[in-house]
Amino acid sequence: QRILEELSFVDLKTLNELLNSDRFLVFIGISKSGETVVILSVLIDYENRFAKVHRLYIDPDVDRSSIFDEILKYAVNHLSDRRKVDLFYCTTKTLSLEQQEASLKLGFAILGIFPAGPGADPFNINGMTAKYFDDALKLRDSDLKLHPDILPYYNIVRRQLHFDELQPVVVEQISSATVP
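Along each chain, residue indices are assigned from 1 in the same order as the chain's sequence is written. Local features in this predicted model are restricted to residues of pLDDT 70 or higher, and side-chain atom pairs are both shown and tallied only at a pLDDT of 80 or more, whereas totals for entire chains, interfaces and linings draw on every residue. Each side-chain value is worked out from all heavy atoms of the structure, with water and hydrogens disregarded.

Participant: Now, about the packing of aromatic side chains: what can you tell me, with residues and values included?
Facilitator: A ring pair, where both rings are aromatic, is described by two values, the distance of the centres and the angle of the planes. By convention, a stacked pair of Phe, Tyr or Trp rings (six-membered ring in the case of Trp) has centres within 6.5 Å and planes under 30 degrees apart, an edge-to-face pair has planes over 60 apart, and any other such pair is tilted. A full pass over the atoms with the stated rule returns three aromatic pairs. Aromatic pair F50 and Y89: ring centres 6.0 Å apart, planes at 50°, arrangement tilted. One end of the pair, F50, is in strand 3 (residues 50-58); the other, Y89, is in strand 4 (residues 87-91), and 39 residues separate them in sequence. Only protein chains enter the accessibility calculation, which uses a 1.4 Å probe; a residue is then buried when its area is under 20% of its type maximum, exposed when over 50%, and partly exposed in between. The partly exposed category is assigned to F50, whose relative accessible area is 26%. The buried category is assigned to Y89, whose relative accessible area is 16%. Counting from the N terminus, the helices are the DSSP runs of H or I reaching at least four residues and the strands are the DSSP runs of E reaching at least two.

Participant: Describe the environment of V53, and please don't skip the residues or the numbers.
Facilitator: Counting through the fold element by element, V53 comes out in strand 3. For V53, a relative accessible area of 1% puts it in the buried group. C-alpha separation for the pair V53 and V42, spaced eleven residues apart in sequence, amounts to 4.6 Å.

Participant: Quick rundown of the environment of V85? Include the residues and the values.
Facilitator: Checked against the element boundaries, V85 lands in the loop between helix 3 (64-82) and strand 4. It is 4.1 Å that separates the C-alpha atoms of V85 and R49, two residues lying 36 residues apart in sequence. When near neighbours in sequence (up to four residues on either side) are disregarded, V85 contacts I44, R49, F50, A51, L79 and F133. The criterion used for residue contact is that any of the two residues' heavy atoms lie within 4.5 Å.

Participant: How would you explain the layout of surface pockets if you had to name every residue and give the values?
Facilitator: Over the atoms, a rolled probe matching the size of one water molecule traces out where space is still vacant. Two kinds of site are reported from a 1 Å grid over the protein atoms alone, namely cavities, where a 1.4 Å probe fits but cannot get out, and pockets, open sets with protein on both sides within 12 Å along at least five of seven lines, and residues are called lining when an atom falls within 4 Å of a point. Grid points are joined across faces, edges and corners, and a volume is the space filled by probe spheres set on the points. The computed volume of the largest pocket comes to approximately 210 Å³. Considering the residues around the largest pocket, the lining is formed by 13 residues, among which L18, F24, S41, H54 and R55 are closest to the centre. Within the residue set of the lining of the largest pocket, elements represented by two or more residues are helix 2 (12-19), strand 1 (24-30), strand 2 (36-45) and strand 3. A total of four residues in the lining of the largest pocket trace back to one element, the largest contributor, which is strand 3. When grouped by side-chain class, the residues that make up the lining of the largest pocket number ten nonpolar, two polar and one charged. Note on residue categories: nonpolar means Ala, Val, Leu, Ile, Met, Phe, Trp, Tyr, Cys or Pro, charged means Asp, Glu, Lys or Arg, and polar means any other residue, Gly included.

Participant: Residue-level account of helix 3, with values.
Facilitator: An α-helical turn contains 3.6 residues, so any two residues separated by three or four positions project in the same direction. The span one expects for a helix is its residue count, reduced by one, times 1.5 Å. Helix length check: helix 3, at 19 residues, gives a terminal C-alpha distance of 27 Å against a target of 27 Å (1.5 Å per residue), a fit within 8%. Within the span of helix 3, buried status applies to F68, I71, L72, A75, V76, H78 and L79. Down the axis of helix 3, the sector holding all buried residues measures 160°, keeping them to one side. Seen from the open side of helix 3, the exposed residues pointing more than 90 degrees away from its buried face are Y74 and D81. Relevant arc is that of directions from the helix axis to the C-beta atoms, nothing else.

Listed below in structure tokens is the structure:
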């Protein structure tokens, strides 16, 4: 009963609206016999130019690793060809560790491991990988300065993604007027 309470069912009209929305892509893999073997949904934020793996279904009777490799490669190529996003990311909350490893083969970079949100299982952690398209990283604000407390964390990501070094802001220069 609890599972049914957590689900939401939609009618065909609502499903059609969702599938035709510009913020949602669905990639479906169908076998030669006509069976659906994989479904990958992707949420897109065009304003901020990023996409996120939303949901993944793989038929338990197929080779999970190879079918995932193919559907993710197809989605990466689709997003790259359209040039409407700079970043495509996924988490281990959505993908298994094996699938995260497959994302690395396609040029995704490891961004880190993050604890679950407040109220969630404290032993549940999420990893994140991301793929930057084209010159997305070169278009960043190069005059950015970071708070000295944040700089060590930035440097971990910087080494992983080959970012430029950034200078810390002098703490005395930070005022309440500069903090949003």
